[in-house]
Amino acid sequence: MNTPTDTGKSMRKTEIVTTDDILLLLCKSVTDVLTSATASEINYSAMVQKINKTCLKPDIGCFVLFDGGFSGLVLINFSAAAALEIYHNYMVNMGIPKEELATMHTSDDVGNVMGELMNQIVGDFTGAIGKELHTSITQNQPKMLTINKQVVVSIDTNLDRPQARRVTFTTEKHNIFYLELAMDKTEFIKLHDFDPKADVDPDQIISDTQNNLNAPRKTITPTVDIDQDLLDELGI
């Protein structure tokens with residue numbers, strides 16, 4: 001019987017990142033961005049639903065396409081109550097008086113805010129993908145629609161093994177909205193250990209720059225080497 005030779009290298013379990021792991025990154029981006037923007041609690045269900053197609057549903061639907069390391073579609077359906085709650089909390093957190101806020105979910109102001117928040121969510125998500133998976137994806141401009149009936153939305157590309165997921169989110173006042181993700185079934189296999197890219201904090205960069213500008217500057221006196229014999233010859 002042959003005895004295995006010890007090469008000094010131990011076998012380790014290969015780490016694999018799946019579509020559902022990518023979905024978790026997206027869910028974290030949704031909660032982080034909306035919680036920060038609205039100063040209110042946003043939670044998502046621990047249960048994920050497998051679906052066959054992605055749809056825009058009443059009352060407000062936002063969607064955005066992304067491409068690059070992998071392709072996909074992100075879609076969020078807000079009820080009127082959820083959209084108005086998020087809109088009101090966001091605007092109040094920005095310092096806008098309540099009496100100046102829109103009261104109907106069909107208002108252009110509500111649509112603009114929801115589109116901007118969607119843009120921030122996907123931007124945070126693409127940053128997380130670059131940090132955690134060392135790949136790059138790009139997004140198009142988010143689209144927002146106020147609708148009163150269901151509209152099927154699909155990616156205009158051929159996916160070899162398409163997968164779709166739906167996650168339920170709950171606002172602080174227990175209003176519901178839904179996130180849907182459609183993308184090709186994919187796996188990222190970690191070949192070796194690496195440190196995730198550090199987050200870039202613009203506020204910290206500005207603060208460090210300001211501190212450097214305000215720091216007292218040292219006065220440097222130039223040092224001059226003088227040849228005394230030369231000065232004697234010149235009679236100085």
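Since we're looking at a predicted model, the values are computed, not measured.

(A) How the structure looks around the overall build of the protein. The helix and strand tally for the protein stands at five helices and 11 strands. Out of the 236 residues in the protein, the part that is buried amounts to 36%. Looking at the protein alone, contacts between residues at least 24 apart form 72% of all its contacts between residues at least 6 apart. Of the roughly 15600 Å² of accessible surface on the protein, a fraction of 51% belongs to carbon and sulfur atoms.

(B) Layout of the nonpolar core. Ranked by size, the top nonpolar core spans 46 residues in total, and within it Ile22, Phe78, Phe177 and Leu179 carry the most contacts. A total of 10 residues in this core trace back to one element, the largest contributor, which is helix 3 (residues 108-133). Setting aside chain neighbours within four positions, we find Phe78 in contact with Pro58, Asp59, Ile60, Cys62, Ala83, Ile86, Met114 and Phe177. Residues Ile51, Leu56, Val153 and Ala164 belong to the second largest nonpolar core, which totals nine residues.

(C) Representation of the environment of Gly130 within the structure. Secondary-structure assignment places Gly130 in helix 3. When its relative accessible area of 15% is taken as the criterion, Gly130 is described as buried. Residues Gly130 and Gly69, spaced 61 residues apart in sequence, show a C-alpha to C-alpha distance of 9.7 Å.

(D) Summary view of the packing of helix 2 (residues 80-93) against helix 3. Relative to each other, helix 2 and helix 3 sit at 80°, their axes nearing to 10 Å. Here helix 2 is positioned roughly perpendicular relative to helix 3, judged by the angle of their axes. In this structure, helix 2 uses Ala83, Leu84, Ile86, Tyr87, Tyr90 and Met91 to contact helix 3, whose residues at the interface are Asp109, Val110, Val113, Met114, Glu116, Leu117 and Gln120. Class assignment of the residues belonging to the contact of helix 2 with helix 3 gives a composition of 10 nonpolar, one polar and two charged.

(E) Up close: the confidence of the model for the protein. Per-residue confidence for the protein gives a mean pLDDT of 83; residues scoring 70 or more make up 74%. Per-residue pLDDT, averaged within each element of the protein, yields its smallest value for helix 4 (residues 202-214) (59) and its largest for helix 2 (96).

Calculation rules
Residues numbered from 1 in each chain as written. Predicted model: local features only at pLDDT ≥ 70, side-chain atom pairs only at ≥ 80, totals over all residues. Heavy atoms only, no water. Helix = DSSP H or I, 4+ residues; strand = E, 2+ residues; numbered from the N terminus. Buried < 20%, exposed > 50% of the residue type's maximum accessible area, 1.4 Å probe, protein only. Contact = heavy atoms within 4.5 Å. Areas by Shrake-Rupley, 256 points an atom, 1.4 Å probe, with all protein chains shown as cover. Core = buried A, V, L, I, M, F, W, Y, C linked by side-chain atoms within 4.5 Å. Axes fitted to C-alpha atoms, helices over the stretch in contact; angles between N-to-C directions. Parallel < 35°, antiparallel > 145°, perpendicular 65-115°, else oblique. Nonpolar A, V, L, I, M, F, W, Y, C, P; charged D, E, K, R; others polar. pLDDT = per-residue confidence, 0-100.

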